[in-house]
Amino acid sequence: MSLFLQIPGSAHKTKKLPCFHKINPIVSQDGDLVIGIFLSLFSVEVNSFMGAKLFESLPNKACKPYQWLHKNYQQALAAMFAIQEINKNPNLLPNISLGFHLYNTYHSDERTLESSLQWLSGQGQFLPNYSYMEKEKSMAVIGGTTSALSVQMGTLLDLYKFPQISFGPFDSILNDKIQFPFLYQMAPKDSSLQQGVVRLMVYFKWNWVGLVASDDMRGEEFIWEIRRQMAKNDVCVSFTEKIPVSERRYMESHETFMPRIITSSAKVIVIHGDTDSLMILRYSQVPLLPTEKVWIATSHWDITMRPLYSEGNSFHGALIFSYLTSEIPGFKTFLKVVTPSKYPDDILLRGFWLSAFRCPDSPENAEQEICSPNASLDILPLCSFDMAMSGLSYTIYNTIYAVAWALHEMLMRKSEKKSMADEDNLVLHSWQLHSFLKNTQFNNSAGDLVFVDEKRNSEAHYAIMNYVFFPNETDALVKVGQFVSNDPLGQDFTICEDAIVWGWWDTMVPRGVCSDSCDPGFRKIPLEGQPVCCFDCSPCPEGEISSLMDAEHCMKCPEDKYPNKQRDCCIPKAVTFLSVKEHLGMTLTCMAISFSLLTALVLSVFVKFQNTPIVKANNRTLSYTLLISLIFCFLCSLLFIGHPSIVTCLLQQTVFAVVFTVAVSSILAKTIIVVLAFRGIRPGSKIRMFMHPRVSIYVVLICSGIQVIFCGIWLGTYPPFPEADTHSEYGHIIIRCNEGSTFAFYCILGYMGFLALATFIVAFLARDLPDTFNEAKFITFSMLVFCSVWATFLPTYQSSKGKAMVTVEIFSILASSAGLLGCIFIPKCYVILLKPNRNTQEQIKNKRDSRGKFFSGEDP
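Residues numbered from 1 in each chain as written. Predicted model: local features only at pLDDT ≥ 70, side-chain atom pairs only at ≥ 80, totals over all residues. Heavy atoms only, no water.

### Brief notes about the environment of A460
Here comes step 1: Mapping A460 onto the fold places it in the loop between β15 (449-451) and β16 (462-469).
Here comes step 2: The exposure class assigned to A460 is buried, which follows from its relative accessible area of 1%.
Here comes step 3: For A460 and S299, which are 161 residues apart along the polypeptide, the C-alpha to C-alpha distance reads 9.8 Å.
Here comes step 4: Not counting residues up to four positions away in its chain, the partners in contact with A460 are P188, K189, D190, S192 and Y323. (Helix = DSSP H or I, 4+ residues; strand = E, 2+ residues; numbered from the N terminus. Buried < 20%, exposed > 50% of the residue type's maximum accessible area, 1.4 Å probe, protein only. Contact = heavy atoms within 4.5 Å.)

### Quick look at unusual backbone geometry
Here comes step 1: Backbone geometry at D234 places phi at a positive 60 degrees, although glycine is not the residue there.
Here comes step 2: With respect to the helices, strands and loops of the structure, D234 is situated in the loop between α6 (217-232) and β10 (236-243).
Here comes step 3: Even without a glycine there, the phi angle at R567 is positive, about 60 degrees.
Here comes step 4: Note on placement: R567 falls in the loop between β23 (561-563) and β24 (570-572).

### Observations regarding the sheet that holds strand β13 (residues 319-323)
Here comes step 1: Across the sheet, 8 strands lie side by side as β10-β9-β11-β12-β13-β16-β17-β18; this open sheet has mixed pairing. Where the open sheet ends on each side, the last strands, each with one partner, are β10 and β18 (493-495). Each neighbouring strand pair of the sheet contributes to a mean axis angle of 25 degrees, computed without reference to strand direction.
Here comes step 2: As judged from the 5 bridges shared by strand β9 (residues 208-214) and strand β11 (residues 268-272), these two strands associate in the parallel manner. Paired with V212 across the bridge in β11 is I271.
Here comes step 3: Running over the sheet, helix α5 (residues 193-203) touches β9, β11, β12 (294-297), β13, β16, β17 (475-483) and β18 and is turned about 45 degrees from β18.
Here comes step 4: Packing against the sheet, α6 makes contact with β9, β10 and β11, and its axis sits at approximately 160 degrees to β9. (Pairing = 2+ DSSP bridges. Axes fitted to C-alpha atoms, helices over the stretch in contact; angles between N-to-C directions.)

### Describing the packing of aromatic side chains
Here comes step 1: Counted by the stated rule, this structure contains 34 aromatic pairs.
Here comes step 2: Relative to W790, the ring of F660 has its centre 5.9 Å away and its plane inclined at 85 degrees; by these criteria the two rings are edge-to-face. Separated by 130 residues along the polypeptide, F660 in helix α16 (residues 646-679) and W790 in helix α19 (residues 776-799) bring together distant segments of the chain. Of the two residues examined, F660 and W790, each falls in the buried class.
Here comes step 3: Within the aromatic cluster, the residues linked to one another by ring pairs are F656, F660, W714, F745, Y746, F786, W790, F793 and Y797.
Here comes step 4: Geometry around Y184 places K177 over its ring, the cationic atom sitting 4.5 Å from the centre.
Here comes step 5: Over the ring of F535 we find K524, and its NZ or CZ is 4.8 Å from the ring centre. (Phe/Tyr/Trp six-rings, centres within 6.5 Å; stacked < 30°, edge-to-face > 60°. Lys NZ or Arg CZ within 6 Å of the ring centre and 35° of its normal.)

The following block contains the structure:
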């Protein structure tokens, strides 16, 4: 490789390093055909008066401070490696040598225009519109690390129809052939980059993310697209910062830019831009202590590039989407043997070497062993040099081969048309290259298919790298995953979470959220004026659950289930009913059976002493009817205990209504007979015609018959039926009988109440009638108890639910029945069993009222 540096001869003889920012081209290699290569190898601070002296050469002015961009030097070596391979390849450009001129580019319109003019003029001292080259050797320009540089260079190169091949990030704006007819892009398309970054956010459940992008069209396009992808996946933007792409604005904002990002509430920050446009992040004032931030860098920013060795800890644990490229055979071997001693005429290599190894430009260097020309690039730290080919270097390698193949095709076409009479046919012009360049396609040495046509450019594949900064101030990039958008869904994104090293603060996955997740059993409550990712958590309302994290709504359980205490799942409700096996059911059953047995015992007493005056005096038939009906009243309560069925539901209320009506109507008949007995003894009274013994039977049959008719209508229209009550008792399904028609139920109760009230009124009026065995007082008291029980029943029954309703009705049946039994028959049994002397005819005669003979209602 024959390299020479365009510097004054005295400088070359003394081996003094020149002012690189004043020399263009920096390095050149002569050849039959020459390519211009524009790379960003170092940056220089731009003074405010720089534009006024654009075309003024200042050879004697002292060098300005400049900063080496060490990592970018690999791009220059990749270009040299490609040209070496091409010149050694007998099948590509045979008998033609390919040379190059290497220029440095700056983030400055003036300096970029200056470099482009120098390339066109062919000299370090240039005049516009004039070329010093003896032949048309300059064929194409390779440059444009950024879209801004491509546009700046293209403004001038398009005037001469000069082919410009950009190796920087693909930009759809540069794809406009009307505006940029002679510009080609070699980088793969990044249209799936935003999708891959958002997939990473979703995987780690990050929903509060800050966005940092360069302040240009590519940055705007990236922010717009990633916002759209984030919105589709419920990820919110915490803030958006735009990085200035002007060196002047770097100096204005670098002191405030980084603190704004560091103090933001977002723990996850996505950075998009190329290495040069993100220069502010390298030179901003970084915090002394590591920050709890997760940085996600896109493919075009080399996060390892920094001005000082010790300033890498701020980005420790960052995740980087870098191009997933194939390895070029022989490139690493080439890098290992590149030394200043092998290329002594390459002053640029010597300057890089001294800067990268941190050596003074002096033979008496104390670090002579490290700074020896025989050292190797592979011992340099990652922040200075990377032995693995970068994405930009890979694109530069393919770009140089693309130009070479286009030139080869153009020469082959011209050779076919060669004639002895036309020697000018072999003269190559740069503008002729376009028709061949746009159709060029080839397989590179790694086996990848390369296109120059932007429409056929492949979609970029990404390796997800983890940046690790070690305590000894060394660093490394570790592959932890990849994103290949062309692969089937589920296989396109892979990540090895265990291999990721996070920041210094924790080994767990950082929580990049605005609000902590709501646990199951809670729901999200949006905060007014805040993004959807910011919310409060509120417990689910009574009867509702949420089984998922970050539930937006709680849902009700099915009818047969109820929420647990945590309200995160539904538990099947226990099916229950008033069972004889539980204490309450057993107690009520025992009470009903006991009272029915007691009533049967009273009936047997009355039957045994049926011929005694006290039994005969109060109508034996009605007494027997009343006692038998009371037995059934007690027993009908058993229909309410146990698992309800269709039969029991039909019998519960109807049997209860009929037997109670028989009991109340029997008491009513008794009361009427007592009144008639005393009112009908007057001579000539018309009431005597109603004193027939069968009148009492008619009263019972008529009153009971009316109730039977009511029950029949009820059963024929809206009969009772079993139902599962899922709401009355929490956590339980109560199996009970539904009345079917509430109106019909209260009708039968009202009818019984009417009979009881009538009986009470009649008995109350007859309470003072004289007779030893006059039971009007007892009936009055019994009806008072009966009405009190059922008057209390109504509101209690209405306010009860579930088994309590059944219990209230059973208790009312037993209490009212017991009241009738106790008030009417217990005093008589007391006389019959304990005071037999009062149960005689003589006692009756002694107590007979002067108003006349006592009428028993029966034959004596």
